[in-house]
Every structure is written in structure tokens, then in C-alpha cells.
Amino acid sequence: MRTQDTLKADSPLWKVYGSVDSIKRCVSTSTKAEFFIAVIKARPEIIRRTMEVFFKECIRLFHTFTFYKFAASPSEEAKHKSGSQTFHNLFVMQDIEASLKKTPVLIVGVDGGGNNCRVSIETADGITLGSSCVKKPSHISLGDKTWSNIIQGIRNVIEPLGVSLSSGLELYGCFGLAGSSVPKYVNDFTANSCIKLFKSLSIAKDTEIAQAAAHNLKDGGIIIIGTGSAAFARYGGREYRSGGRGFPLSDGGSGAYIGLKAAKALIRVFDFEERRGELTEALSKAFNDEVTDLVEWGKRATPKEFSTLAPFVLKYYKDPVAQKILKQAAKKIEMLYRNIVDRMEREKGEEERKKVRTLQFALLGGLANKIMRYLPEDVLEVIRMPAYSPVKGAVLMAREEFEKNVNKVNLS
């Protein structure tokens, strides 16, 4: 059976592109947003259709083709297990079986943070087996718990495909884990016996896998604006960092920073130093109009808890106090970018400096789009969409290590 036969002839996406090859090229090189835009540009008349139906079909087909290696039926339903989304299809199962028989290797990428552990797995031939998200804290300092989450994530992906960790496969992994900049955490983590499951394993910082994903292992930078903030770039074989040292000493422009600024603004209102506005009125109600509630909360609040005040600032962004906070946050983010670029320029000659000034940066994190509108024009000119999500960056780095190993064997 041809791959085309597995698609419904009346699929909106089929009508737009007309062939699986066209869809394959679009999906394999695009983010979701770029995918939608490409479809609309290809056939402007699609705009006349019901957009809700169109986007639902796009989302379903995007995931279907990604996980099925472009061979699944759009009508096939996703099967869920322990928070993972694994798709099954006869054609892909045959591809996986053939790939693993040819090269019994799994490429494992992990993105572990304060709330989740994301795992993505591919074969040596580049077939995506699937991905999983274990919704548990996976900071590297948690050691055995983080290992448990990672193993669970791997099993969520491979076991529905009839593959197990005891199948004699070679695992090449890259774990991008929060806290990996602390040598003690890394040493304790790698002392775990689970490491024996991997033929090769590298531990990377979460910023490193995010940068690798954003620029497909090429030179470029990232600016993360979430609960915390940081900037990281690779250029000419060197790495550059700015920020990310932890709130409140660092992480300017982050959600925690914005929340702290909002809390301070409310304190000034309680102390009659400033008049109430929309923002401070809403914040006051959140603390029962009691200054003592705010003060006691502030004494024990974590960075994540401070960041819960950021949505108030974003909701009442027209309020003068909110405007001031958001502009201050944007200035801090701008300085993260300029700190890195300035350091690069000091190390380079005139010709290289021109390239440095056009080096592309990707904005990441939940607040990225909100803060972006307040950044100056020269910074916006170098901002681009990330090529992939961070967990894909871990897969790319693990694959890079695998290919180095293969090359060594061939040379010998």
C-alpha cells in the first residue's frame, strides 16, 4: 500500500498540498506556526474555509505525521499512557523494526526541570519513536527521583512499541537537566547505577539543549524569560552566558522579578506613598486588603510564587505602574542580550564584529512574547523563532555523540 493511500482524500490538508511528499517537507522543517503559515501561503483560498476546522486538522496532522513518519491515517486516534502520547501504525512499526534490526540503537533526549521531565526518542535512522512528559520535578539535585522519572519516560515511549530496556539495545543519551552547572550534583547523579543502561551519556545544562534546539546545533543565542531569566549563546566555538544566577540576586526581567516589583508597588500603596490604580487594586484584593498578609507572604515566597503575581501585571498592562514594571523588565532582558554581544565584540576583529551584531537569538519561556513588544528595534531585528523545542536539542546532541562514535569505529 502506498503512503498516500493512508490519507483521507477529503482531508483539508490533502486538498491544499495534494501529496504526502509536500506535507513531509513542510512538517520536517517547520515549527507549528511556520507550518500553518506555509499552508496558507501555498493556497490563499484556504482562508475562505472554516478556520477552526482547518487548524484542528493541521494540529492533528502535524502530530500524526511527526510521530508516524508521515505514514499515518488522520483518523487514527492517539493512545495515551502515563501522560505520554504514542502513535501506532503498521507502516511505522515495520520501519522501526527494520531500523532497530539494522542498527540496534536508541537516541534518547531528556529535558528535566523544576516541574516536568520530557523524554524524546529516535532510532539511529532518525525515526521518531515518540515522546513522553512525566509531570514530576526533575532537577538534577533530586538524583534517584529524577532517574526514576527518566526511566519511566523512556518506558512510556518504547514499551507500547513492543520494545524494552532489556532488548539488548545501545542507548545514546543527552540529559539537559536544571542544576547541571553544579559539579557536585552531576557527580552524584552519574554515580547512579542506571547510567549502565547507556553506552554513552552526556549531562548538559538546560540552556545548552535549548540553544542546540533553537539553532539546530549551529551558532546562535537564546534568551529565556520564564520564572527565571538567562541568556546563552554559542559562537565561533565559544560559549557565552549572562544572568540565570537565581532570584533575587539575578534573573532580572523574569516572572519572579515582575512579581517582586508588583509586590513592592502594593507595599507603597499600603504605606500611602502612591495612589491605587487598577493593578494595585487587583493585587490588594488578592491579599485580602491586608498589608500583613502581603508582608508575611513575601517573607516565605519562592521565585515561582513571586512569579504568580506577573499575570496581574500583564492583565492590567495599560496601568501606569504595570507599564513601568514591564518596561523595566524589558530593559533587564535587553541587558542580558547586550552583555553577551558586547563580550563577543571585545574578542573579535572588525569583520567578525559585524557578524556578531547580526547573530540570531531565540526568545524562550512563558513570558517571551509578552516582553518582546517592549524590546528596542535593534534587538527585535535579531530575534527569530526557535527551530525545535529544548528536548529535541537533547536528541540532536545525543545523535551528534552517536555519529562521532560511528565515525571512530569506521576510521579504525
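Structure: see above.
Attention in this report is confined to the structure presented alongside it. (Residues numbered from 1 in each chain as written. Predicted model: local features only at pLDDT ≥ 70, side-chain atom pairs only at ≥ 80, totals over all residues. Heavy atoms only, no water.)

With that settled, the discussion passes to the packing of helix 14 (residues 320–347) against helix 15 (residues 350–357). Look at helix 14 against helix 15: their axes get within 9 Å of each other, and the N-to-C directions meet at 160 degrees. Considering their axes alone, helix 14 and helix 15 lie roughly antiparallel with respect to each other. Between helix 14 and helix 15 lies a crossing whose hand is right-handed. Judged by residue contacts, Tyr-337, Val-341, Met-344 and Glu-345 of helix 14 engage Arg-353, Val-356 and Arg-357 from helix 15. (Axes fitted to C-alpha atoms, helices over the stretch in contact; angles between N-to-C directions. Helix = DSSP H or I, 4+ residues; strand = E, 2+ residues; numbered from the N terminus. Parallel < 35°, antiparallel > 145°, perpendicular 65-115°, else oblique. Left-handed = near helix turned anticlockwise from the far one by under 90°. Contact = heavy atoms within 4.5 Å.)

This brings us to the pattern of salt bridges. Scanning the model with the defined rule gives 17 salt bridges in all. The shortest N-O distance in the salt bridge between Arg-268 and Glu-274 comes to 2.8 Å. Across the salt bridge formed by Glu-352 and Lys-355, the nearest N and O atoms sit 3.6 Å from each other. Of the two residues, Glu-352 and Lys-355 both sit in helix 15, three residues apart, roughly one turn of that helix. Beyond isolated ion pairs, a larger network of salt bridges with shared partners links Lys-205, Glu-208, Arg-234, Glu-239 and Arg-241. (Salt bridge = Lys/Arg side-chain N within 4 Å of Asp/Glu carboxyl O.)

So, about the side chain of Asp-111. Tracing the backbone through its elements, the reader meets Asp-111 in strand 3 (residues 105–112). Arg-118 provides the closest opposite charge to the buried, salt-bridge-free Asp-111, at an N-O distance of 4.6 Å. With near-sequence residues (within four places) excluded, Asp-111 lies in contact with Asn-116, Cys-117, Arg-118, Gly-176, Ile-209, Pro-390 and Val-391. (Buried < 20%, exposed > 50% of the residue type's maximum accessible area, 1.4 Å probe, protein only. Lys, Arg positive; Asp, Glu negative; His and termini not counted.)

Moving on, we get to the nonpolar core. In this structure, Ile-223, Ile-258, Val-313, Met-344, Phe-361 and Ile-371 are the most contacted members of the largest nonpolar core, which totals 47 residues. The biggest single contributor to this core is helix 14, with 11 residues. If near-sequence neighbours (up to four positions away) are discounted, Met-344 is found in contact with Ala-233, Tyr-235, Tyr-240, Val-356 and Leu-359. Val-108, Ile-140, Leu-161 and Val-186 belong to the second-largest nonpolar core, a separate cluster that totals 25 residues. (Core = buried A, V, L, I, M, F, W, Y, C linked by side-chain atoms within 4.5 Å.)

We now examine the packing of aromatic side chains. For the structure shown, the criterion picks out 10 aromatic pairs. Summarising the aromatic geometry, the rings of Tyr-172 and Phe-402 are spaced 5.0 Å apart at their centres and angled 70 degrees between planes, so their arrangement reads as edge-to-face. Highlighted residues: Tyr-172 in strand 6 (residues 170–177) and Phe-402 in helix 18 (residues 390–411), separated in sequence by 230 residues. Overall, Phe-402 belongs to the buried group, its relative accessible area being 9%. Aromatic rings pair up to connect Trp-147, Phe-175, Phe-189 and Phe-198 into one cluster. Sitting over the face of the ring of Tyr-388, Lys-392 holds its NZ or CZ atom 5.5 Å from the ring centroid. (Phe/Tyr/Trp six-rings, centres within 6.5 Å; stacked < 30°, edge-to-face > 60°. Lys NZ or Arg CZ within 6 Å of the ring centre and 35° of its normal.)

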